[in-house]
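Summary of structural features
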Amino acid sequence: DGGITQSPKYLFRKEGQNVTLSCEQNLNHDAMYWYRQDPGQGLRLIYYSQIVNDFQKGDIAEGYSVSREKKESFPLTVTSAQKNPTAFYLCASSMTGSGANVLTFGAGSRLTVL
Amino acid sequence: ILNVEQSPQSLHVQEGDSTNFTCSFPSSNFYALHWYRWETAKSPEALFVMTLNGDEKKKGRISATLNTKEGYSYLYIKGSQPEDSATYLCASGGYQKVTFGTGTKLQVIP
């Protein structure tokens, strides 16, 4: 079945550590996205990528980094510079980067900083 | 309106009742309007994407309308069932980005 796989589902991190969240899709989608959800807030865009080896900052990119070396993969690194990293992270993909295209989401990763 | 806003934030309805939610979005530079359903412990799932003023979409008991001139969309659920319990997300799609509202959490009481 085609879809998006995020791992790990739960992750605990000590302050000062970088962590990387994995996102893999087998939908042959060109565009991929990372969103963050906090209680009482909507999904906020961190980074997005429309093609391999290219990505753009979203609304809350500070303290995060990404790479897009393969079409199928869009890992997100939460660095120690992110002031409040505890959150739920969702990866999504779409056929192209057009805002009219339906997003397909992964199941999410919950990061807790201890 | 600068952001995507949804109301109400949450609501409880009895099984069999019909209900509706509102999504308001910036009407300038409109590109597309998305609705997603997000059930607990699952991934958000697309319901509709609408692009034209006056668009109406239907999927079973769920339907949506779009008014791009005044910047709002309604989602209707007819004869709510317990399996409709979820958070309903509205999002405005720009040229490249999709911006989400905070969602409406629906609880259908059997």
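Everything discussed here concerns the structure shown above.
Summary of the structure given here. What you are looking at is a predicted structure, and each value in this text was computed from that prediction instead of being measured.

1. A few points about the interface of chain A and chain B
Accessible area lost on assembly of the parts is the figure often given for the size of an interface. Taken residue by residue, the interface counts 23 residues in chain A and 20 residues in chain B. Together, the buried faces of chain A and chain B total about 1700 Å²; carbon and sulfur atoms form 59% of this surface. Of all residues in chain A, A:Leu43, A:Gly99 and A:Phe105 give up the largest surface area on contact with chain B, accounting jointly for 28% of the area buried on that side. Put simply, chain A and chain B have one salt bridge between them. Among the salt bridges present, the one from A:Asp59 reaches B:Lys97, with a minimum N-O distance of 3.0 Å. Counting across the interface, chain A meets chain B through nine residue pairs in polar contact (both at pLDDT 80 or more). Among the secondary structure elements, those contributing two or more residues to the side of chain A that touches chain B are β4 (31-37), β5 (44-51) and β9 (87-94) of chain A. Looking at the side of chain A that touches chain B residue by residue, the classes come out as 12 nonpolar, 10 polar and one charged.

2. Structural notes on the state of the cysteines
Scanning all chains against the criterion turns up two disulfides over all chains. Paired through a disulfide, A:Cys23 and A:Cys91 show a sulfur-sulfur distance of 1.9 Å. Because the torsion about its S-S bond is -75°, the bridge between A:Cys23 and A:Cys91 counts as left-handed. Pair noted here: A:Cys23 is in strand β3 (residues 19-25) and A:Cys91 is in strand β9, with a separation of 68 residues, a long-range link. The class for A:Cys91 is buried, based on a relative accessible area of 0%. The partner cysteine of B:Cys23 in its disulfide is B:Cys90, sulfur to sulfur 1.7 Å. Torsion about the S-S bond of the B:Cys23 and B:Cys90 cystine: about -55°, corresponding to left-handed handedness. With B:Cys23 in strand β3 (residues 19-24) and B:Cys90 in strand β9 (residues 86-93), this pair connects stretches of sequence that are 67 residues apart. A relative accessible area of 0% places B:Cys23 in the buried class.

Reading the values: rules and limits
- Residues numbered from 1 in each chain as written.
- Chains lettered and ligands numbered in written order.
- Predicted model: local features only at pLDDT ≥ 70, side-chain atom pairs only at ≥ 80, totals over all residues.
- Heavy atoms only, no water.
- Contact = heavy atoms within 4.5 Å.
- Buried area = accessible area lost by both parts, 1.4 Å probe.
- Salt bridge = Lys/Arg side-chain N within 4 Å of Asp/Glu carboxyl O.
- Polar contact = N/O pair within 3.5 Å; in protein donor to acceptor, adjacent residues only side chain to side chain.
- Helix = DSSP H or I, 4+ residues; strand = E, 2+ residues; numbered from the N terminus.
- Nonpolar A, V, L, I, M, F, W, Y, C, P; charged D, E, K, R; others polar.
- Disulfide = S-S within 2.5 Å.
- Buried < 20%, exposed > 50% of the residue type's maximum accessible area, 1.4 Å probe, protein only.

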